[in-house]
Amino acid sequence: MGEALVDFVPEENRVPGPYRALAGGAPNNVACGLGKLGARVALLARVGDDALGRCVIDTAGECGVDTSYIQTDRRRVTTVTVVMPRSEDMTRYAIYRKESADGALTFEDIPTELFDNAKILHYGSLGMAEKTSSECMGRAIRRAREKGMTTSLDVNLRPGSWDSRDEMINRCRELVRVSDIIKLTKEEAEILRLNPRKLAAEEDKIVLVTDGAETASVYAGKLSVSRRPEAVEAVDVTGGGDSFMSAFLYYYGAFAEKMEAEEFYANAVDFAVRASTIAVQRYGAIDSLPTLEEICEKGGGDAK
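Now for a look at the structure at hand. Source: prediction; values computed, not measured.

## Considering the pairing of strand 5 (residues 80-83)
Then step 1. Here strand 5 shows a buried face lined by Val80 and Val82 and a second buried face lined by Thr81 and Val83.
Then step 2. With three bridges joining them, strand 1 (residues 5-10) and strand 5 adopt parallel strand pairing. Bridging across to strand 5, Phe8 finds its partner in Val82.
Then step 3. Sheet analysis places strand 5 next to strand 6 (residues 93-96), joined by four bridges and oriented antiparallel. The residue bridging Val80 from the neighbouring strand is Tyr96, located in strand 6.

Have a look at this one:
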């Protein structure tokens, strides 16, 4: 659940310059990553009734995502993001979403069957930056928890999309409180003043921490597992975090109840790191997301 938009990705390391238009948005990317891995996944999002909105819907459908829950807005346009070259992750995206469709996501337009039949509700923080989508997200998360679903958050801080830094921090910490799985970068943990190990141990959460090309870690209860990805030449890091998230959620859905905890988390973080390593060696976000066969081939075995 969350933003589904079109990224304008630079083909050269400069602005102005030539760009490619590609479907994106972190929750959309994760949905597409899950679809490409073979999971049963639906996308709950809102796009404009325009060419960019149709691009988002068509791309997700091609990845195996159920697009029937995507809301189409006849009054607002599809959100656009311009990816800035030579920028740090949190300042890498100029997001044009004021009064756009994804900020108008409405709870009333969500069929109740979605919460009856799903196992995991995954979302990012950006929807909380707009009033209408914030209300929708809050109600959807409450309904998911009432139905016994696992709630999953990608913190995904984007300071330029909030009215203030304090508002961003406070709203994101609220989401952390109601989420069972939390993925964030090392920098985001510092900004939110969160201790991942303590958060996992004291509040019974699964906390995933990535740090670019450095070590990725998972904390669950008193367990912790870390993996350092192999050194590769990155072509485009746009889909790195989303491929990690989608791979972890796929593995969680497939194996969390079938393995002992220590074995599961060791395998899950290894699987997710392999996925992100493949993705950063390719161009774009959704185009870079690997299939199950590619991840297994890289690991020399099956999904375990």
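Let's pick the thread back up.
## Section: the packing of aromatic side chains
Then step 1. Going through the model one piece at a time under the given rule, you end up with nine aromatic pairs.
Then step 2. Aromatic side chains Tyr251 and Phe255 sit 4.6 Å apart centroid to centroid with 45 degrees between the ring planes, which places their arrangement in the tilted category. Within this pair, Tyr251 and its partner Phe255 are both found in helix 8 (residues 240-255), separated by four residues, close to a single helical turn.
Then step 3. Note on Phe255: relative accessible area 13%, which makes it buried.
Then step 4. An aromatic cluster is built from Phe248, Tyr250, Tyr251, Tyr252, Phe255, Phe264, Tyr265 and Phe271, whose rings are joined through pairwise contacts.
Then step 5. Of note, Arg143 hangs over the ring of Phe115, and the distance from its end group to the ring centre comes to 5.8 Å.

## Thoughts on empty space enclosed by the protein
Then step 1. Evaluated as defined, the whole model comprises one cavity of 30 Å³ or more.
Then step 2. Estimates place the volume of the largest cavity at around 50 Å³.
Then step 3. Looking at the largest cavity, the residues that line it are Gly2, Glu3, Arg46, Arg97, Asp102, Leu105, Gly127, Ser133 and Met137.
Then step 4. Looking at the lining of the largest cavity residue by residue, the class counts come to two nonpolar, three polar and four charged.

## Describing helix 4 (residues 131-146)
Then step 1. Its 16 residues give helix 4 an end-to-end C-alpha distance of 23 Å, which sits within 8% of 22 Å, the value for a rise of 1.5 Å per residue.
Then step 2. When we look at burial in helix 4, the residues that qualify are Ser133, Ser134, Cys136, Met137, Gly138, Ala140, Ile141 and Ala144.
Then step 3. For helix 4, the secondary structure elements touched by its buried residues are helix 3 (113-117), strand 7 (120-124), strand 8 (150-154) and helix 5 (165-177).
Then step 4. Residue Gly148 follows helix 4 closely and has a positive phi angle near 80 degrees.

Rules and cut-offs
Residues numbered from 1 in each chain as written. Predicted model: local features only at pLDDT ≥ 70, side-chain atom pairs only at ≥ 80, totals over all residues. Heavy atoms only, no water. Buried < 20%, exposed > 50% of the residue type's maximum accessible area, 1.4 Å probe, protein only. Helix = DSSP H or I, 4+ residues; strand = E, 2+ residues; numbered from the N terminus. Pairing = 2+ DSSP bridges. Phe/Tyr/Trp six-rings, centres within 6.5 Å; stacked < 30°, edge-to-face > 60°. Lys NZ or Arg CZ within 6 Å of the ring centre and 35° of its normal. 1 Å grid on protein atoms, 1.4 Å probe; cavity = no way out; pocket = protein on both sides within 12 Å on 5 of 7 lines; lining within 4 Å. Points joined across faces, edges and corners; volume = space filled by probe spheres on them. Nonpolar A, V, L, I, M, F, W, Y, C, P; charged D, E, K, R; others polar. Expected span 1.5 Å × (residues − 1). Contact = heavy atoms within 4.5 Å.

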